[in-house]
Amino acid sequence: MKIDTYRITDGDSFSIRKFPTKDDGGLERYGEADLALEKNIEELARLQDMLYAHNQYGILLVLQAMDAAGKDGAIKHVMRGLNPQGVQVKPFKVPSAEETDHDYLWRCQPHLPARGNIAIFNRSYYEDVLVVKVHQLLEEQNLPDQLISPKVWKERYRQLRDYERYLTENGIVVVKIFLHVSKKKQEKRLLERIDNPDKNWKFSGGDVHERKYWEQYMDAYEEMIRGTATKDAPWHIVPADRKWFSRLLVSEILVKTLKNLPLAYPELDPETKSSLAEYRQMLVDEPSDRS
């Protein structure tokens, strides 16, 4: 599958309303797409094992989306074959009082991936140019008055580009995915959460409230992607109306990201390698347990 169609490395001409929310990549769901997803899940497990052993790179997967776009499902289905020891998932919700007493990147810093690990941010520091922007919450972030101005958003886009450049230059590969769902499909999924008792727990009245700001959110996402898409930390716009396709595409993006890294299992030094035969013989020569 070609993922270049969905990758934005320079957002100057990006238009979110022109980008499709419904796509199938020319694939059939049952058969071809399902097999491709399973193959990618197996490949991710192999590459994760190598990433962990190599212990030089960390992977930061940033998932942003409107409610009910499928973030949780993507994490559950695409990552199901990974070794939990090397994966951490961090959801970012409404900031606490302690968090708003710090700069907006502070709460994310402790959850960055260690070398050899994959960290998944379910929402992220990008909430501070989305929710904060749409609902005009800057004053709740305890900023000095002189820093609250219309230019603050361009400044934050620059800060985020600089931050992700810093991460990249320190061996953390930033993979940013926006799950692009339509308003109509979101409505259908929210109704399912209401009508299906087994999904009632997933429903939040706040999700319905946020729909009133749909156009403002689309503007905010568009400006965010335009301001923060770079060659080193591109945005991937994943059509999310078909969950099966969005999950396949997310898996494809991760596989290709890992394959592009110079990963390898560590080579033993000659002295240690030469001692393996000796240790092997010691194990073979151990008295057998006859009990």
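Residues numbered from 1 in each chain as written. Predicted model: local features only at pLDDT ≥ 70, side-chain atom pairs only at ≥ 80, totals over all residues. Heavy atoms only, no water.

Draft legend 1. Broad picture of the environment of Lys 184. Its place among the elements puts Lys 184 in helix H6 (residues 183-195). Judged by its relative accessible area of 62%, Lys 184 falls in the exposed class. In this structure the C-alpha to C-alpha distance between Lys 184 and Tyr 221, which are 37 residues apart in sequence, comes to 18 Å. (Helix = DSSP H or I, 4+ residues; strand = E, 2+ residues; numbered from the N terminus. Buried < 20%, exposed > 50% of the residue type's maximum accessible area, 1.4 Å probe, protein only.)

Draft legend 2. Up close: the sheet that holds strand S1 (residues 7-8). The 6 strands lie next to each other as S1-S6-S5-S2-S4-S3, forming an open sheet whose pairing is mixed. Of all the strands in the sheet, just S1 and strand S3 (87-91) have a single pairing partner and so form its edges. With 8 bridges joining them, strand S2 (residues 58-65) and strand S5 (residues 172-180) adopt parallel strand pairing. When the sheet's bridge partners are listed, Ala 65 is paired in S5 with Leu 179. Its contacts with the sheet put helix H5 (residues 152-168) on S2 and S5, and the angle it makes with S5 is roughly 135 degrees. (Pairing = 2+ DSSP bridges. Contact = heavy atoms within 4.5 Å. Axes fitted to C-alpha atoms, helices over the stretch in contact; angles between N-to-C directions.)

Draft legend 3. Representation of the pattern of salt bridges. Under the definition given, this model contains 19 salt bridges. One salt bridge in this structure joins Arg 123 and Glu 127, with 3.8 Å as the shortest N-O distance. With relative accessibility at 10%, the residue Glu 127 sits in the buried group. Its salt-bridge partner being Glu 192, residue Lys 199 comes within 4.0 Å of it at the nearest N-O pair. Beyond isolated ion pairs, a larger network of salt bridges with shared partners links Arg 17, Glu 215 and Asp 219. (Salt bridge = Lys/Arg side-chain N within 4 Å of Asp/Glu carboxyl O.)

Draft legend 4. Just the pairing of S5, in detail. By the criterion of burial, S5 is predominantly enclosed, with 9 of the 9 residues buried. Residues Ile 172, Val 174, Lys 176, Phe 178 and His 180 point to one face of S5 and Val 173, Val 175, Ile 177 and Leu 179 to the other, with burial holding for every one of them. Judged from the 5 bridges that link them, S5 and strand S6 (residues 235-239) form a sheet pairing that is parallel. By the bridge assignment for S6, Lys 176 is matched with Trp 235.

Draft legend 5. Representation of the packing of H5 against helix H8 (residues 214-228) in the model. Across the interface, H5 lies against H8 with an axial gap of 9 Å and an inter-helix angle of 50 degrees. One finds that H5 runs oblique with respect to H8. Considering the relative orientation of H5 and H8, their crossing is right-handed. Side by side, H5 and H8 meet where Tyr 157, Leu 160, Arg 161 and Glu 164 of the first sit next to Ala 220, Glu 223, Met 224, Gly 227 and Thr 228 of the second. Split into classes, the residues belonging to the contact of H5 with H8 amount to 4 nonpolar, 2 polar and 3 charged. (Parallel < 35°, antiparallel > 145°, perpendicular 65-115°, else oblique. Left-handed = near helix turned anticlockwise from the far one by under 90°. Nonpolar A, V, L, I, M, F, W, Y, C, P; charged D, E, K, R; others polar.)

Draft legend 6. Representation of the side chain of Asp 67. You can see Asp 67 is positioned in the loop between S2 and helix H2 (71-78). A relative accessible area of 17% places Asp 67 in the buried class.

Draft legend 7. Layout of the packing of H2 against helix H9 (residues 243-259). Where H2 contacts H9, the axes come no closer than 10 Å and their chain directions differ by 60 degrees. Taken together, H2 and H9 sit at an angle that is classed as oblique. Between H2 and H9 lies a crossing whose hand is right-handed. Contacts between H2 and H9 involve Gly 73, Ala 74, His 77 and Val 78 from the first element and Arg 247, Val 250, Ser 251 and Leu 254 from the second. Taken together, the residues of the contact of H2 with H9 sort by class into 4 nonpolar, 3 polar and 1 charged.

Coordinates in, geometry out; function isn't part of it.
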